[in-house]
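One-letter residues, chain by chain:
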Amino acid sequence: MNPFKYGRVVFDEDFCPRPGLEKHLRSYISSGQNVLLEGERRTGKTSLIYRTVRGLPKLRLLYVDILEIKTVSDLCRRIVNAVVSMEQKSGMVERVFKSLVHLKPTMTLDPLTGVPALSLDASIKLKPGYIEGLMDLIEEENKRKNLIVVFDEFQDILNLKEAAEALAVLRSKVQFHAAIPYIFSGSVRNQMDEIFNHPESAFFKSAVTLNVGELERDIFGNFLRGKFSKGKRTLSQSLLDKVFDIARDIPGDVQQLCGAAWDATSPGDHIDEKTLPAALELIYSRELKGYEASLNRLTGQQFRCIVGLSRIGGRSPMSSEFTKATGISQPASVKKALTRLIKLRIIYRYKREYKFINPFFRSWLIYKNY
Ligand SMILES: Nc1ncnc2c1ncn2[C@@H]1O[C@H](COP(=O)(O)OP(=O)(O)OP(=O)(O)O)[C@@H](O)[C@H]1O
Ligand SMILES: [Mg+2]
């Protein structure tokens, strides 16, 4: 079986230890400090949280993922679901049900397992004030057994029309939950900055920042080598270096490329750079539909811009080299195309550089020689 896992949270032997980060996060949690956990997509934020919390058996994890929420009702439902799934383990759903009667919940029993589930009436539109009651519920839960509360993909709170109000309500409660450590995790840095570093935001400087970057090449390389050797494969250092370069050291993408190299080889093989094209082609064939759908949404200028980025890189797309290569004469047009490409979540901007969210889309564009 392919030992490389990507696209989901990794545990146990699939998690390459990050002792420094784990220690920092553990000590912040133990001292009740609220944490802002920042990092690019697929760097391992969620895995790090689970790993660290598992090492703190006295705490219960209340994990609220707010990815793609659009309304206050979505946010409230995600909080309720998180509390319910935590309490399902202890058979205490009825108690949660009673404390939420004002939200008109319905309780059903899973016909097969008999496990109770709880849902909120989807037709009721909830206002930011309701968040207050749910935060009080979290405080009550904490009295039973100590919690660590995680809001993952926290930047998506900015999707709400009432974002400022929702943030204010959350903050007003969080600051009095002195006994509860909160982790706010997010991958869209400029939006997380807007929440935590903007003087007008309710969350301004309210948490200590922990940055989840890349894994050290030596350590991660050994971890990956170990996985290959279990499948009786050896690999060259130059192949490993290339993998890290193409995947830009993002752990999830590194694992994806290693997984494809595994699929392209057999036990007893030595894997070197000659394996790379076959591994990449496997990834391209699996992701082709997504690439084509992305391209179909682009205008001619946006397309030329993305091809330019794939070849020249995104450090100075306003330069004359870039405009010449893309045939887009006006820097203002480049800027407009870049803004659209960010909106379409094809690229993102970090430290003045425009980067591809998916590094394999970039290498595919080069491979296709567009
Ligand atoms: N410590 C680790 N050891 C090995 N692989 C890791 C590690 N952390 C992350 N990964 C790789 O990255 C992938 C994504 O991990 P995870 O979901 O934790 O990242 P994330 O930063 O929360 O991503 P997202 O921003 O998409 O939510 C995993 O499936 C795995 O391939
Ligand atoms: Mg995550």
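Residues numbered from 1 in each chain as written. Chains lettered and ligands numbered in written order. Predicted model: local features only at pLDDT ≥ 70, side-chain atom pairs only at ≥ 80, totals over all residues. Heavy atoms only, no water.

A. Structural context of the packing of helix H12 (residues 300–312) against helix H15 (residues 359–367). Put simply, H12 and H15 touch, their axes get as near as 9 Å, and they point 95° apart. Here H12 lies roughly perpendicular to H15, going by the angle between them. Contact with H12, carried on its side by Ile306, Leu309, Ser310 and Arg311, involves Arg362, Leu365 and Ile366 of H15 and no other residues of that element. Among the residues forming the contact of H12 with H15, the class breakdown is 4 nonpolar, 1 polar and 2 charged. (Axes fitted to C-alpha atoms, helices over the stretch in contact; angles between N-to-C directions. Helix = DSSP H or I, 4+ residues; strand = E, 2+ residues; numbered from the N terminus. Parallel < 35°, antiparallel > 145°, perpendicular 65-115°, else oblique. Contact = heavy atoms within 4.5 Å. Nonpolar A, V, L, I, M, F, W, Y, C, P; charged D, E, K, R; others polar.)

B. Looking closely at the site of ligand 1. Taken together, 23 residues sit near ligand 1, with Lys5, Arg8, Cys16, Lys45 and Ser47 positioned nearest. Here glycine 7 contributes a backbone N or O atom positioned 3.2 Å from an oxygen atom of ligand 1. Residue glutamate 153 places a side-chain N or O atom 3.0 Å away from an oxygen atom belonging to ligand 1. For ligand 1, whose unbound accessible area comes to 630 Å², protein coverage reaches 94%. Applying the majority rule of atoms within 2 Å of the grid points places ligand 1 in the second largest pocket. (Near = heavy atom within 4 Å. Polar contact = N/O pair within 3.5 Å; in protein donor to acceptor, adjacent residues only side chain to side chain. Areas by Shrake-Rupley, 256 points an atom, 1.4 Å probe, with all protein chains shown as cover. 1 Å grid on protein atoms, 1.4 Å probe; cavity = no way out; pocket = protein on both sides within 12 Å on 5 of 7 lines; lining within 4 Å. Sits in = over half its atoms within 2 Å of the grid points.)

C. How the structure looks around the pairing of strand S6 (residues 182–186). Burial within S6 is extensive, with 5 of its 5 residues counted as buried. Of the two faces of S6, the one lined by Tyr182, Phe184 and Gly186 and the one lined by Ile183 and Ser185 are each fully buried. Here 4 bridges tie strand S1 (residues 35–38) to S6, and the two strands are oriented parallel to one another. Opposite valine 35, over in S6, you have isoleucine 183 as the bridge partner. Pairing of strand S5 (residues 147–152) with S6, which is carried by 3 bridges, proceeds in the parallel orientation. Looking at S6, one finds that valine 149 is bridged to tyrosine 182. Traced from S5 through helix H6 (residues 163–174) to S6, the parallel crossover comes out right-handed. (Buried < 20%, exposed > 50% of the residue type's maximum accessible area, 1.4 Å probe, protein only. Pairing = 2+ DSSP bridges. Right-handed = clockwise from strand over helix to strand, strands pointing away.)

D. The nonpolar core, seen in detail. Counting residues in hydrophobic clusters, the biggest one holds 47 residues, and the most contacted among them are Leu224 and Ile306. Mapped by element, the contributors of at least two residues to this core are helix H8 (217–230), helix H9 (237–246), helix H10 (251–263), helix H11 (276–296), H12, helix H14 (331–343), strand S11 (353–356) and H15. Two domains each put at least three residues into this core: domain 2 (215–293) and domain 3 (297–370). Here isoleucine 306 is in contact with Leu298, Leu341, Ile346, Ile347, Phe356 and Leu365, once residues within four sequence places are set aside. Of all hydrophobic cores here, the second largest spans 46 residues; its members include Ile69, Val149, Ala166 and Leu170. (Core = buried A, V, L, I, M, F, W, Y, C linked by side-chain atoms within 4.5 Å. Domains from an automatic or database assignment.)

E. Quick look at empty space enclosed by the protein. Tallied over the full model, the rule gives 1 cavity of 30 Å³ or more. Lining of the largest cavity is provided by Arg248, Leu309, Gly313, Gly314, Glu353, Tyr354, Lys355, Phe356 and Arg362. Among the elements that line the lining of the largest cavity, the one with the most residues is S11, at 4 residues. By residue class, the composition of the lining of the largest cavity is 3 nonpolar, 2 polar and 4 charged. (Points joined across faces, edges and corners; volume = space filled by probe spheres on them.)

F. Structural detail: the domain arrangement of the chain. The assigned domain composition of the chain is domain 1 (17–211), domain 2 (215–293) and domain 3 (297–370). The C-alpha centroid of domain 3 is placed 36 Å from the C-alpha centroid of domain 1. With 5 residues of domain 1 in contact, the opposing surface of domain 3 contributes 7 residues. Surface buried jointly by domain 1 and domain 3 totals about 500 Å² across both partners, of which 36% is contributed by carbon and sulfur atoms. Ranking the residues of domain 1 by area buried against domain 3 places Glu40, Arg42 and Arg189 at the top, with a combined share of 65%. Our count for the domain 1 to domain 3 interface comes out at 1 salt bridge. (Buried area = accessible area lost by both parts, 1.4 Å probe. Salt bridge = Lys/Arg side-chain N within 4 Å of Asp/Glu carboxyl O.)

G. Region of the structure containing the side chain of threonine 326. Its place among the elements puts threonine 326 in helix H13 (residues 320–326). Judged by its relative accessible area of 5%, threonine 326 falls in the buried class. A polar atom in the side chain of threonine 326 sits 2.9 Å from the backbone oxygen of phenylalanine 322.

H. Quick peek at the layout of surface pockets. Approximately 850 Å³ is the volume attributed to the largest pocket. Considering the residues around the largest pocket, the lining is formed by 34 residues, among which Glu40, Ser187, Tyr348, Arg349 and Ile357 are closest to the centre. Among the secondary structure elements, those contributing two or more residues to the lining of the largest pocket are helix H7 (189–196), H10, H14, strand S10 (347–350) and S11. Residues of the lining of the largest pocket, tallied by class, amount to 13 nonpolar, 7 polar and 14 charged. Size it by volume and the second largest pocket reaches roughly 520 Å³. Surrounding the second largest pocket, 28 residues form its lining, Arg8, Arg42, Thr43, Gly44 and Ser47 being those nearest its centre. Taken together, the elements giving at least two residues each to the lining of the second largest pocket come down to helix H2 (45–54), strand S2 (60–65), H8 and H10. A per-class count over the lining of the second largest pocket returns 11 nonpolar, 7 polar and 10 charged. Counting residues domain by domain, the lining of the second largest pocket receives three or more from each of domain 1 (17–211) and domain 2 (215–293).

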